[in-house]
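Structural overview
So you can see what is in the structure, the chains are spelled out below.
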Amino acid sequence: MSTTRPCSPGDRGPEPSGASEASEAGAHGAETPEGGAATVASGSPGGRQVRRLEFDDTGGVVPLARDFARQALYAWDWLPAATADRRAAAEDVLLVVSELVTNACLHAEGPEWMVLSCDNKVIRVEISDRGAGQPAPRTPHRAGRPGGHGMFIVQRLCLDWGVVRTPGVTGKTVWAELGAPA
């Protein structure tokens, strides 16, 4: 697993870089969860669908992010799950969203935005925060101890993950990719 590579080895093209790109792709207002502003772009090149959630410095960002991700999974037909494998894949996405947003809250002054993108094979979760730290699984990993399991869980569930930094800009974007259910 990578913690610095900006794109996965099987990159499927350019990734969304913000609301302006979502607007250019024909975005329209989504059902806006309380405490955030949502943008949806569908019909993007390559069949990619994109949803973006702006966090407005309110409390409850982890449940907000999970609810937003759950809505996206329904829109993308990952839910309701017809099989146990499909249900497990959707639950993995929700867990990764929870872990990444929680890490942004605990270690990086909170999340600024979340982008979810999906094609037929992969869902990508991106969480932007204001922190300077470098996320990494704790080593040695001690399963019996509380705390410190977030990035270990992300590493275990995801095809790949990493961190993108923009020179001269405070903060980072932590991304993770999960395989679509069969």
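Here is a short report on the structure shown in this document. (Residues numbered from 1 in each chain as written. Predicted model: local features only at pLDDT ≥ 70, side-chain atom pairs only at ≥ 80, totals over all residues. Heavy atoms only, no water.)

Let's talk about the overall build of the chain
Within the chain one finds 4 helices and 7 strands. Across the chain, helices and strands are ordered from the amino to the carboxyl terminus as α-β-β-β-α-α-β-β-α-β-β. A total of 182 residues make up the chain; the buried ones form 45% of that total. Counting only contacts in the chain whose residues sit at least 6 apart along the sequence, the fraction spanning at least 24 positions is 58%. Roughly 9,100 Å² of accessible area belongs to the chain as shown, and the carbon and sulfur atoms make up 51% of that amount. (Helix = DSSP H or I, 4+ residues; strand = E, 2+ residues; numbered from the N terminus. Buried < 20%, exposed > 50% of the residue type's maximum accessible area, 1.4 Å probe, protein only. Contact = heavy atoms within 4.5 Å. Areas by Shrake-Rupley, 256 points an atom, 1.4 Å probe, with all protein chains shown as cover.)

Quick notes on helix H4 (residues 150-157)
Buried residues of H4: Gly150, Met151 and Val154, and no others. Down the axis of H4, the buried set is contained in an arc of 90°. They therefore lie on one face. In this structure, the buried residues of H4 make contact with helix H3 (84-107), strand E6 (160-164) and strand E7 (172-179). (Arc of directions from axis to C-beta.)

Overview of the pairing of strand E3 (residues 49-55)
Buried residues dominate E3, accounting for 5 of its 7 residues. Across 6 bridges, E3 lies against strand E4 (residues 111-118) in antiparallel orientation. Bridge pairing links glutamine 49 to cysteine 118 in E4. (Pairing = 2+ DSSP bridges.)

Regarding the packing of aromatic side chains
Summed over the entire model, instances satisfying the criterion amount to 0 aromatic pairs. Against the face of tryptophan 113 rests arginine 52, its NZ or CZ located 4.5 Å from the ring centre. (Phe/Tyr/Trp six-rings, centres within 6.5 Å; stacked < 30°, edge-to-face > 60°. Lys NZ or Arg CZ within 6 Å of the ring centre and 35° of its normal.)

Here we look at helix H2 (residues 61-75)
The first and last C-alpha atoms of H2 sit 21 Å apart over 15 residues, in line with the 21 Å expected at 1.5 Å per residue. Residues of H2 that are buried include every one of Val61, Leu64, Ala65, Phe68, Ala69, Ala72 and Leu73, and no others. (Expected span 1.5 Å × (residues − 1).)

Observations concerning the pairing of strand E5 (residues 122-129)
Among the 8 residues of E5, 8 are classified as buried, and the element is accordingly described as predominantly covered. Burial along E5 is two-sided: Val122, Arg124, Glu126 and Ser128 facing one way and Ile123, Val125, Ile127 and Asp129 facing the other are all buried. Linking E4 back to E5 in an antiparallel pair, the connection comprises 3 residues. Where E5 and E7 come together, 8 bridges link them in antiparallel fashion. Across the sheet, valine 125 pairs through a bridge with alanine 176, a residue of E7.

A word on the environment of leucine 178
Here leucine 178 shows up in strand E7. On the accessibility criterion, leucine 178 (3% relative accessible area) is buried. Here the alpha-carbon distance between leucine 178 and aspartate 92, two residues 86 residues apart in the chain, equals 8.1 Å. If we skip the residues at most four places from it in the chain, leucine 178 touches Asp92, Val93, Val96, Lys121, Val122, Ile123, Val125, Leu157, Cys158 and Leu159.

A look at unusual backbone geometry
The amide bond that connects leucine 79 to the next residue, proline 80, takes the cis arrangement and shows omega of -5°. As for its position among the elements, proline 80 is in the loop between H2 and H3. Although it is not a glycine, aspartate 77 adopts a positive phi angle of roughly 65°. Along the chain, aspartate 77 turns up in the loop between H2 and H3. Positioned with a positive phi, glutamate 109 is a non-glycine residue whose angle comes to about 65°. Here glutamate 109 lies in the loop between H3 and E4.

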